[in-house]
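Letter by letter, the chains look like this.
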Amino acid sequence: MAFTLPPLPYAYDALEPYIDKQTMEIHHDKHHGGYVNNLNKAIAGTEYENKALEEILKNAGKAGAAIRNNAGGHWNHSLFWEVMAPHNNASKPDADLAAAIDKEFGNLDAMKEKFNAAGAGRFGSGWAWLAVDPGHKLVICSSPNQDNPLMDVAECKCTPILGVDVWEHAYYLKYQNKRGDYLNAFWNVVNWKKVGELYAKAMK
Ligand code: MN3
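Residues numbered from 1 in each chain as written. Predicted model: local features only at pLDDT ≥ 70, side-chain atom pairs only at ≥ 80, totals over all residues. Heavy atoms only, no water.

A. Inspection of the pattern of salt bridges at higher detail. One pass over the full model with this rule turns up five salt bridges. Between K58 and E55 there is a salt bridge, with its nearest N and O atoms 3.5 Å apart. Note that K58 and E55 are positioned in helix α2 (residues 53-58) at a spacing of three residues, about one turn of the helix. The class for E55 is partly exposed, based on a relative accessible area of 33%. We note a salt bridge from D147 to R68, for which the minimum N-O separation is 2.7 Å. (Salt bridge = Lys/Arg side-chain N within 4 Å of Asp/Glu carboxyl O. Helix = DSSP H or I, 4+ residues; strand = E, 2+ residues; numbered from the N terminus. Buried < 20%, exposed > 50% of the residue type's maximum accessible area, 1.4 Å probe, protein only.)

Okay, here's the thing in structure tokens:
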């Protein structure tokens, strides 16, 4: 069965002013849409054609560049849309996640600082992640291009619960070269409810 582009769970302009409408339109429809189309083309007629996306990611290293890049692109963006939501002052990590953040990083601000450093320090294009490692500890890491921590080729193997896209296409229209400003703005639209659900699921 072919993969399909999931609809954005909110309007294109819902993350304004932190992430602008035009960026969201191009990013979701053209970039993510492109990964989905190219993934379907790349897996057609291969052993990956009827595999679940997570299963393809586990074999990314041997599946070839087209499958690796587009499967990663599809999975990464599907998570990205879900872990954002319109700004809400009341949104914060739930008690379990907040306790885990305090334990690993000291406090929420220290975690954000480390996460932003991972995003700012990723040379070229890629992603920064807050994730649960195999020992059930929270970790922060980053990956190049459309790789992610679920891939067999990942340096940091873990389960992402929050990710930010640091490709220029994610921020250039509004922030130009100022990736740090985009990363700071990102926290205004983090969907902590969703991140908390993903944390609980990863801890099972
Ligand atoms: Mn992107």
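Now that the structure has been shown, the text picks up again.
B. Up close: the side chain of N116. Its location among the elements puts N116 in helix α6 (residues 108-121). Given the relative accessible area of 13%, N116 is considered buried. There is a polar contact of 3.1 Å between the side chain of N116 and the side chain of N184. Look past the residues within four positions of N116 in its chain and what remains in contact with it is L183, N184 and W187. (Polar contact = N/O pair within 3.5 Å; in protein donor to acceptor, adjacent residues only side chain to side chain. Contact = heavy atoms within 4.5 Å.)

C. Local environment of the nonpolar core. With 62 residues, the main nonpolar core has F115, L138 and I161 as its most contacted residues. Two domains each provide a minimum of three residues to this core, namely domain 1 (21-85) and domain 2 (88-202). Look past the residues within four positions of L138 in its chain and what remains in contact with it is L97, A100, I101, E104, F105, L130, A131, V132, I161 and Y199. (Core = buried A, V, L, I, M, F, W, Y, C linked by side-chain atoms within 4.5 Å. Domains from an automatic or database assignment.)

D. Examining the coordination of the manganese ion more closely. Binding of the manganese ion to the protein goes through H27 (NE2), H77 (NE2), D165 (OD) and H169 (NE2), at separations of 2.0 to 2.2 Å. Along the chain, the residues donating to the manganese ion are arranged with the sequence spacing H-x49-H-x87-D-x3-H. Highlighted residues: H27 in helix α1 (residues 21-43) and D165 in strand β3 (residues 159-165), separated in sequence by 138 residues. Among the residues examined, D165 registers a relative accessible area of 0% and is labelled buried. (Donors = N, O, S within 2.8 Å, 3.2 Å for Na, K, Ca; no water.)

E. Expanded view of the state of the cysteines. For the structure on display, the rule yields one disulfide. Linked covalently through their sulfurs, C141 and C156 form a disulfide whose S-S length is 2.3 Å. Every disulfide takes its handedness from the sign of the S-S torsion; for C141 and C156 that torsion is -60°, giving left-handed. Of this pair, C141 sits in strand β2 (residues 138-144) while C156 is found in the loop between β2 and β3, placing the two residues 15 residues apart along the sequence. With no disulfide of its own, C158 lies closest to C156 among cysteine sulfurs, the gap being 3.1 Å. (Disulfide = S-S within 2.5 Å.)

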